[in-house]
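Examining the three-dimensional arrangement
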Amino acid sequence: MTEVRTLKVALLGCGNVGAQVARILIEDADALAARTGARLELSGIAVRNVNAKRDVELPQELFTTDADTLVKDADLVIELMGGIEPARSLILTAIQNGACVVTGNKALLAQDGPTLYEEADKAGVQLSYEAAVAGAIPILRPIRDSLSGDRITRVLGIVNGTTNFILDQMDSTGAQFADALAEAQRLGYAEADPTADVEGHDAAAKAAILASLAFHTRFALENVHCEGISNVSAADIAAAKDAGFVIKLLAIAEKLTDADGGEGVSVRVHPTLLPREHPLAAVRGAFNAVFIEAENAGELMFYGQGAGGTPTASAILGDLISAARRLVLGGPGRTETTTGHVPALPIDAALTSYYIGLDVADQPGVLAKIARLFADHGVSIEIMRQTIHRDAESNVETAELRIVTHRASEAALAATVEAVKGLDVINSVTSVLRVEGV
Ligand code: NAP
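Values in this document were obtained by computation on a predicted structure and should not be read as measured data.

Conventions adopted
- Residues numbered from 1 in each chain as written.
- Predicted model: local features only at pLDDT ≥ 70, side-chain atom pairs only at ≥ 80, totals over all residues.
- Heavy atoms only, no water.
- Buried < 20%, exposed > 50% of the residue type's maximum accessible area, 1.4 Å probe, protein only.
- Helix = DSSP H or I, 4+ residues; strand = E, 2+ residues; numbered from the N terminus.
- Pairing = 2+ DSSP bridges.
- Phe/Tyr/Trp six-rings, centres within 6.5 Å; stacked < 30°, edge-to-face > 60°.
- Domains from an automatic or database assignment.
- Near = heavy atom within 4 Å.
- Polar contact = N/O pair within 3.5 Å; in protein donor to acceptor, adjacent residues only side chain to side chain.
- Areas by Shrake-Rupley, 256 points an atom, 1.4 Å probe, with all protein chains shown as cover.
- Nonpolar A, V, L, I, M, F, W, Y, C, P; charged D, E, K, R; others polar.
- Core = buried A, V, L, I, M, F, W, Y, C linked by side-chain atoms within 4.5 Å.
- Contact = heavy atoms within 4.5 Å.
- 1 Å grid on protein atoms, 1.4 Å probe; cavity = no way out; pocket = protein on both sides within 12 Å on 5 of 7 lines; lining within 4 Å.
- Points joined across faces, edges and corners; volume = space filled by probe spheres on them.
- Axes fitted to C-alpha atoms, helices over the stretch in contact; angles between N-to-C directions.
- Salt bridge = Lys/Arg side-chain N within 4 Å of Asp/Glu carboxyl O.
- Patch = residues over 30% accessible without salt bridge, like charges linked within 9 Å, V, L, I, M, F, W, Y side chains within 5 Å.

**Quick word on the pairing of strand β10 (residues 263-275)**
Within β10, 12 of the 13 residues are buried, leaving the element largely enclosed by the surrounding structure. Relative to β10, strand β9 (residues 245-257) runs antiparallel, the two being bridged by 13 bridges. Note that in β10 the partner of Glu 254 across the bridge is Ser 266. Between the antiparallel neighbours β9 and β10 lie five residues, among them Gly 261 with a positive phi of about 85 degrees.

Encoded structure:
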């Protein structure tokens, strides 16, 4: 019988995800060895408090507070501490010592990914981070490997479970944002400080990663235009519903070509109206999904749990086995291609449709006035619908106008909305939301 090699695995962090990774490494050791061609020996677990109670019962002798020594003696390092430091320094130490690294730390990758990727390239080791985007969903490897012979044109992702839960709650119960957020916090879907989720920062970090892999160019967080959901009102949701749409927080990365044939990538996160029959509209609760459009493959959708200890551990193990197999076979780590060299476009260059809700005076000629103003700004209207409301007491009639435009540049749309606000027949602009999938 040929002798099976043993690879030492250092685990940094034993929280929600780390504890499940440790459990699987121990419980499934034989199956993992058979699939890897090497035994994956958990050599230690670095934590802050070695005596803390864990979600899983694990051998006490594995725990240490000396992460540095643990990392220096490992073939593979799994970083699940979160945060910037000491995670960043420990990953760099691991890379410089020739270890492959697996991490789920999107905050660190968004802040300092390029340094880490370059160091891994130089050292010829693998740095994998499938768990950093959409938890359990295998999405980065399909983009990087399975679709590497295709041209991706657009990625639309629901990549933050907290905001999807809140918007779904608002859509299904009519709740206001604050009440839906409180419910998400009660159920453990939102943190006590929900800023990173509700303001779109978490989704923006993931958008930068998705765009980088899809368009073979490194995009940073500063290239991502980001708007959260805290301004989405129950009235916006109700109006969207009435018009056959659902509101989702989307991470969008798409390639655009200007009139002179110049290419660029628009990377953005914002609340977006989707037709209720769009596949992403069916993504309910805290689930995640990523919808990809590629020149040859056409449309693809990946759906599943975007967070949680055990689902995320699945993605970590997948990366670990892939890196371990490479160590067994020999050869340098697999690196991302960065040959795209497409510039990131400012938000003004994005092409999108708008949904605009207007409270207007009920007078003859109003619709024509508004339609002319849109035409003057080069924005064409796809749908214009008017509903008349009569106040029972005063008997005064007001008209509610809902407009969906064709795709136009963000700059033209923003200028149109500004001009509409100045019309004497407009009482108020009740909502302005971007639309995809029409
Ligand atoms: P967590 O529950 O907060 O666990 C963090 C662990 O790291 C704890 O065991 C903690 O030790 C340890 N740790 C933190 N700082 C340390 C330090 N300075 N020195 C030594 N140990 C330290 O975190 P998590 O939810 O498992 O998330 C881990 C990573 O996965 C994060 O980057 C997160 O963004 C990412 N991720 C999480 C999910 C999810 O669903 N949770 C999904 C996708 C990606 P003590 O226990 O002793 O305090």
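**A short note on the packing of aromatic side chains**
Scanning the model with the defined rule gives three aromatic pairs in all. Aromatic side chains Phe 165 and Tyr 189 sit 4.6 Å apart centroid to centroid with 40 degrees between the ring planes, which places their arrangement in the tilted category. Of this pair, Phe 165 sits in helix α7 (residues 161-173) while Tyr 189 is found in the loop between α8 (177-186) and α9 (195-198), placing the two residues 24 residues apart along the sequence.

**As for the domain arrangement of the chain**
For the chain, the domain assignment lists domain 1 (5-128 + 310-329), domain 2 (140-305) and domain 3 (350-435). The C-alpha-based centres of domain 1 and domain 3 are spaced at 54 Å.

**Focus: the site of the ligand**
Lining the immediate environment of the ligand, one finds 21 residues, of which Cys 14, Val 17, Asn 49, Arg 54 and Gly 308 sit closest. The contact in question runs from an oxygen atom of the ligand to an N or O atom on the backbone of Cys 14, over 2.8 Å. Contact distances for the ligand include 2.8 Å between an oxygen atom and a backbone N or O atom of Asn 49. Compared with its free state, where it exposes 900 Å², the ligand has 77% of that area covered by protein. In terms of residue class, the shell around the ligand is built from nine nonpolar, nine polar and three charged.

**Observations regarding the nonpolar core**
Val 21, Leu 25, Leu 40, Ile 45 and Ile 139 are the most contacted members of the largest nonpolar core, which has 115 residues in total. For this core, the element with the most residues is helix α10 (residues 201-214), which contributes nine residues. In this view, Ile 45 contacts Leu 11, Gly 13, Cys 14, Ala 22, Leu 58, Leu 62, Phe 63, Thr 64 and Leu 70; residues no more than four positions away in its chain are not counted. Formed by 20 residues, the second largest nonpolar core is a distinct cluster that contains Leu 358, Ile 370, Leu 423 and Val 425.

**A few points about the layout of surface pockets**
Taken as a whole, the second largest pocket holds about 330 Å³ of empty space. Forming the walls of the second largest pocket are 17 residues, and the residues nearest its centre are Glu 227, Pro 271, Val 432, Leu 433 and Arg 434. Counting only elements with at least two residues in the lining of the second largest pocket, the list comes to α14 (410-421) and β17 (426-435). When its residues are assigned to classes, the lining of the second largest pocket shows seven nonpolar, three polar and seven charged. Each of two domains, domain 2 (140-305) and domain 3 (350-435), supplies a minimum of three residues to the lining of the second largest pocket.

**A few points about the sheet that holds strand β6 (residues 127-128)**
The sheet built from six strands is open, its strands ordered β3-β2-β1-β4-β5-β6 with parallel pairing. Edge strands, defined here as strands with exactly one partner in the open sheet, are β3 (63-64) and β6. For strand β5 (residues 100-103) and β6, the ladder comprises two bridges, and the chain directions are parallel. Note on β6: the bridge partner recorded for Val 101 is Leu 127. Sheet contacts for helix α1 (residues 16-27): β1 (5-12), β2 (38-46) and β4 (76-79); angle to β2, the most-contacted strand, approximately 145 degrees.

**Considerations on empty space enclosed by the protein**
Counted under the stated rule, the structure contains two cavities of 30 Å³ or more. In this structure, the largest cavity spans a volume of roughly 60 Å³. If you go around the largest cavity, the residues you meet are Tyr 117, Ala 120, Asp 121, Val 125, Leu 127, Arg 218, Arg 334, Thr 335 and Glu 336. In terms of residue count, the dominant contributor to the lining of the largest cavity is helix α5 (residues 106-123) (three residues). For the lining of the largest cavity, the class distribution of residues is four nonpolar, one polar and four charged. Space inside the second largest cavity adds up to approximately 40 Å³. For the second largest cavity, the full set of lining residues is Ala 243, Phe 245, Ile 383, Arg 385, Arg 402 and Val 404. Counting only elements with at least two residues in the lining of the second largest cavity, the list comes to β14 (381-390) and β15 (397-405). The class makeup of the residues in the lining of the second largest cavity is four nonpolar, no polar and two charged.

**A short note on the pattern of salt bridges**
One pass over the full model with this rule turns up 31 salt bridges. The closest approach of N and O atoms between Arg 218 and Asp 121, which form a salt bridge, is 3.9 Å. Separated by 97 residues along the polypeptide, Arg 218 in the loop between α10 and β8 (225-226) and Asp 121 in helix α5 bring together distant segments of the chain. We classify Asp 121 as partly exposed; its relative accessible area is 34%. Taken together, the shared-partner salt bridges in this structure form one network comprising Arg 154, Glu 254, Arg 268, Glu 293, Arg 407 and Glu 436.

**Notes on a nonpolar patch on the surface**
On the surface, Phe 287, Met 301 and Tyr 303 cluster together into a nonpolar patch covering about 270 Å² of accessible area. Tracing the backbone shows Tyr 303 in strand β12 (residues 298-305).

**Brief notes about the pairing of strand β11 (residues 287-294)**
By the criterion of burial, β11 is predominantly enclosed, with seven of the eight residues buried. Two strands pair when backbone bridges link them, and strand β7 (residues 152-158) and β11 are joined in this way by six bridges, in the antiparallel orientation. Counterpart to Ile 152 in the pairing with β11 is Ala 294. Sheet analysis places β11 next to β12, joined by eight bridges and oriented antiparallel. If you follow Glu 293 over to β12, its bridge partner there is Glu 299. Counted between consecutive antiparallel strands, the loop separating β11 from β12 contains three residues.

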